[in-house]
Amino acid sequence: MLTDLTTMIWKEWKEYFLQRGNMRGGLVGYLVVLGVFGAYLPYQTGPEWVRSPAPMALWSWLPLFLVSSLVADSFAGERERGTLEAILATRLPDRAILLGKILALVLYGFAFVVLGALLALLTVNVAYSSEGLLLYSPLLALGIVAFGLLFALLAASAGVLISLQAPTARQAAQTMSIAIMILLFVPILGFQALPATLQQQLYLVLEEPERLRPALLGLALAIALADILAVAA
Amino acid sequence: MSEAMAIVCENLSRHFGPVRAVDGISFQVPAATIFGFLGPNGAGKTTTIRLLLGLLEPTGGRATVLGWDIVAQAERIREQAGLLPQNMGLYQRLSGYESLELFGRIYRLPRQERQARIRQLLMRLGLWERRDEPISRWSGGMQRKLALARALLHRPRLLILDEPTAGLDAVSAVALRQELAAMARNEGVTVFLSTHNLHEAQELCQEVAVIKAGKIIAQGSPAQLRELGRRRELLLRGRGFTEELLQALAGRQEVVAIRREGDAVALELQEGADTAALIAFAVARGAAIEEAQRPQASLEEVFIELLQGETNAH
């Protein structure tokens, strides 16, 4: 099973990076995004980047966007191009194809989070060396890793589910876009709908990551539950 | 039975709601032969292929492929079978080499064996020089050859080809047919060839079955099928076909119609007509017959007659 999964991941990654015609184009595209979120934004933000919990939200959302841009094609696109039939007709078990595709997407999104977070750390330490050694707090580091992984898994498993059901890749992409919009705008609009005093209190909480611990744990559990449901479906 | 027969289908059916895509078909494919599965578009050929590979579950009936049940042991079948789908299903972003590399990994060919086999196939099919180019830049003929190479990569015991020469130019189609014939002959592979190219089937296949609207309407060797369509016609070539003789022939009970074709006379006959007696009759009335012929229909003509329901086949 492990060999089959690594074969599927090899194939999926090849396809991701060859989207722009060749491997170099794919890598350049990936590095540009990494450069913006791992170097430019941390440089602009300064040491706060590793102290504030706000960037954690960014590292959580990014895999969602990265994965959702690819996931619609995973089954619906392959079905349209006839490649799905070719691969289903091989000795690969169906579950290896399904899990391989999900894992490839999760690793793609999660690798971006880990590399981006490390690059950001390097950037702020180099750019603001006068501040001494800057590190993420253990809670923040754990939050970045956990939420990066959980959101990548959520996007991959829910996206694969949508792609499996959709008749075309275009329709799958549209459904995925709507889902992402809801996930993105509902919390923002919800926050804006709160009374000003409550909003102020929430800002204060954000400045102290340790006070976020129960909320983060609850959120992580909720996303993990959503992941389990999506994978099971 | 499974040793001698690569495929055994018994009353196999697949319905999609009210549509009976495959409707109780039964046939057998002897091992190490090329079997032609003929039928017009939408007859049920591709559905049958999907059933044989366990990609669809049958609504009724049963079948074994290479001795394995298509429902319970589909993964075993797919290990030993190679498929060339009608639309090829190639990953266009990958290069030709990478495409075969992927399928070599899927079939768990050891690295060295995989590399050697890929090289061998690409060389044999004349694709080696362009192995590193993305498939999207290849011609349709090259892509089809690559799809064939992919199907052959793991040395399958059964090769299932769905319209393998569709869209190929005449030269490439001939080359591909020669390749298939050589492979079946030299490597003992059973080939299940789904096609509506009758010329191809006549040239390559030892056995054929004709499917129409989900049902098998004829089965046998190409020669046997051509017998089904043997025209009820007698062509006499020679001299001395006078008007009196032609009138006398036309007056015989077993002659339906008569016409001149240059120096020959064509007689359309009743079913079971005694041609020897007719020839003797003509000779006795002064005809000098140089050649008597019962023209045989081509497989294509028989196929069309079968589809039109004019010929009753077994």
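Refer to the preceding data block for the structure.
For the structure given in this document, a descriptive report is provided here. (Residues numbered from 1 in each chain as written. Chains lettered and ligands numbered in written order. Predicted model: local features only at pLDDT ≥ 70, side-chain atom pairs only at ≥ 80, totals over all residues. Heavy atoms only, no water.)

1. Remarks on helix α3 (residues 96-106) of chain B
At step 1: The element α3 of chain B is extensively covered by neighbouring structure, given that 10 of its 11 residues are classed as buried.
At step 2: Turning to α3 of chain B, its buried residues number three or more, namely G96, Y97, E98, S99, L100, E101, L102, F103, G104 and I106 of chain B.
At step 3: If you follow the buried residues of α3 of chain B, they end up packed against α1 (2-17) and α6 (83-88) of chain A together with α4 (111-124) and α5 (140-152) of chain B.
At step 4: Directly after α3 of chain B, the chain includes R108 of chain B, whose backbone phi takes a positive value near 55°. (Buried < 20%, exposed > 50% of the residue type's maximum accessible area, 1.4 Å probe, protein only. Helix = DSSP H or I, 4+ residues; strand = E, 2+ residues; numbered from the N terminus. Contact = heavy atoms within 4.5 Å.)

2. A look at empty space enclosed by the protein
At step 1: Enumeration over the complete set of coordinates arrives at one cavity of 30 Å³ or more.
At step 2: Around the largest cavity, the lining residues are A86, A89 and T90 of chain A together with G82, L83, F103, Y107, R150, A151 and H154 of chain B.
At step 3: Elements that contribute at least two residues to the lining of the largest cavity include exactly β6 (81-84) and α5 of chain B. (1 Å grid on protein atoms, 1.4 Å probe; cavity = no way out; pocket = protein on both sides within 12 Å on 5 of 7 lines; lining within 4 Å. Points joined across faces, edges and corners; volume = space filled by probe spheres on them.)

3. So, the environment of A89 of chain A
At step 1: For A89 of chain A, the position within the fold is in the loop between α6 and α7 (94-127).
At step 2: In this structure the C-alpha to C-alpha distance between A89 of chain A and A155 of chain A, which are 66 residues apart in sequence, comes to 27 Å.
At step 3: For A89 of chain A, the contacting residues outside a window of four places in its chain are L53, L55, R78, L83 and Y107 of chain B.

4. Some thoughts on the pattern of salt bridges
At step 1: One pass over the structure, following the stated rule, counts 23 salt bridges over all chains.
At step 2: Here R91 of chain A and D4 of chain A are joined by a salt bridge, their closest N and O atoms 3.1 Å apart. Pair noted here: R91 of chain A is in the loop between α6 and α7 and D4 of chain A is in helix α1, with a separation of 87 residues, a long-range link. Summarising the burial analysis for this pair, R91 of chain A and D4 of chain A share the class buried.
At step 3: Of the charged contacts in the structure, one is a salt bridge between E113 of chain B and R155 of chain B, with a shortest N-O distance of 3.9 Å. Taken together, the residues span a long stretch of sequence, with E113 of chain B in helix α4 and R155 of chain B in the loop between α5 and β7 (158-162) at a distance of 42 residues.
At step 4: On the accessibility criterion, E113 of chain B (37% relative accessible area) is partly exposed.
At step 5: A cluster of three or more residues bridged by salt bridges with shared partners is formed by K11, E12, E15, E78 and K101 of chain A. (Salt bridge = Lys/Arg side-chain N within 4 Å of Asp/Glu carboxyl O.)

5. Describing the packing of helix α5 (residues 73-81) of chain A against α7 of chain A
All names here are of chain A.
At step 1: Viewed as axis vectors pointing N to C, α5 and α7 meet at an angle of 125°, and their least axial separation amounts to 11 Å. Between α5 and α7, the crossing angle belongs to the class labelled oblique. Note on element contacts: α7 touches α5 through I97, L98 and K101, opposite S74, F75 and E78.
At step 2: The residue inventory of the contact of α5 with α7, partitioned by class, reads three nonpolar, one polar and two charged. (Axes fitted to C-alpha atoms, helices over the stretch in contact; angles between N-to-C directions. Parallel < 35°, antiparallel > 145°, perpendicular 65-115°, else oblique. Nonpolar A, V, L, I, M, F, W, Y, C, P; charged D, E, K, R; others polar.)

6. So, unusual backbone geometry
Residues and elements named next belong to chain B.
At step 1: Even without being glycine, E163 reaches a positive phi, approximately 50°.
At step 2: With respect to the secondary-structure elements, E163 resides in the loop between β7 and α6 (170-187).
At step 3: The class for E163 is buried, based on a relative accessible area of 4%.
At step 4: The phi dihedral of A213 falls on the positive side, at around 50°, and the residue is not glycine.
At step 5: When you line up the elements, A213 lands in the loop between β9 (207-212) and β10 (215-220).

7. Thoughts on the state of the cysteines
All names here are of chain B.
At step 1: Within this structure, the stated rule accounts for zero disulfides over all chains.
At step 2: Take C9: it sits in no disulfide, and the sulfur closest to it among the cysteines is that of C205, at 16 Å.
At step 3: Note on C205: relative accessible area 8%, which makes it buried. (Disulfide = S-S within 2.5 Å.)

8. Observations concerning the interface of chain A and chain B
At step 1: Contacts between the two partners involve 25 residues from chain A and, on the opposite side, 24 residues from chain B.
At step 2: Summing both sides of the interface, chain A and chain B together bury roughly 2,400 Å²; the carbon and sulfur share of this comes to 59%.
At step 3: The three residues of chain A that bury the most area against chain B are W10, E85 and R91 of chain A, which together make up 28% of that side's buried surface.
At step 4: Applying the counting rule to chain A against chain B returns three salt bridges.
At step 5: A salt bridge links K14 of chain A to E98 of chain B; the nearest nitrogen and oxygen atoms lie 2.7 Å apart.
At step 6: Remark: the boundary between chain A and chain B carries nine residue pairs in polar contact (both at pLDDT 80 or more).
At step 7: Of all the elements in the fold, those that place two or more residues in the side of chain A that touches chain B are α1, α5, α6 and α7 of chain A.
At step 8: Top element by residues in the side of chain A that touches chain B is α1 of chain A. It accounts for seven residues.
At step 9: Class assignment for the residues of the side of chain A that touches chain B results in nine nonpolar, six polar and 10 charged. (Buried area = accessible area lost by both parts, 1.4 Å probe. Polar contact = N/O pair within 3.5 Å; in protein donor to acceptor, adjacent residues only side chain to side chain.)

9. Digging into the nonpolar core
At step 1: W59 and Y136 of chain A together with L159 and V191 of chain B are the most contacted members of the largest nonpolar core, which totals 101 residues.
At step 2: With 12 residues, α7 of chain A is the largest single contributor of residues to this core.
At step 3: Sequence-distant contacts of W59 of chain A, defined by excluding residues within four places in its chain, comprise F37, G38, W49, F112, V113, G116, A117, A120, Y136, I144 and G148 of chain A.
At step 4: In terms of nonpolar packing, the next biggest core, distinct from the first, is built from 30 residues, A63, L66, L158 and A209 of chain B among them. (Core = buried A, V, L, I, M, F, W, Y, C linked by side-chain atoms within 4.5 Å.)

10. Let's talk about the sheet that holds β9 of chain B
All names here are of chain B.
At step 1: Strands sit in the order β6-β7-β8-β3-β9-β10 across an open sheet of six strands; the sheet is mixed. The open sheet is flanked by β6 and β10, the only strands paired with a single partner. Direction aside, the axes of adjacent strands within the sheet are offset by 15° on average.
At step 2: Relative to β7, β6 runs parallel, the two sharing four bridges. Counted as the bridge partner of G82 is L159 from β7. (Pairing = 2+ DSSP bridges.)

Any link to function would need more than the numbers given here.
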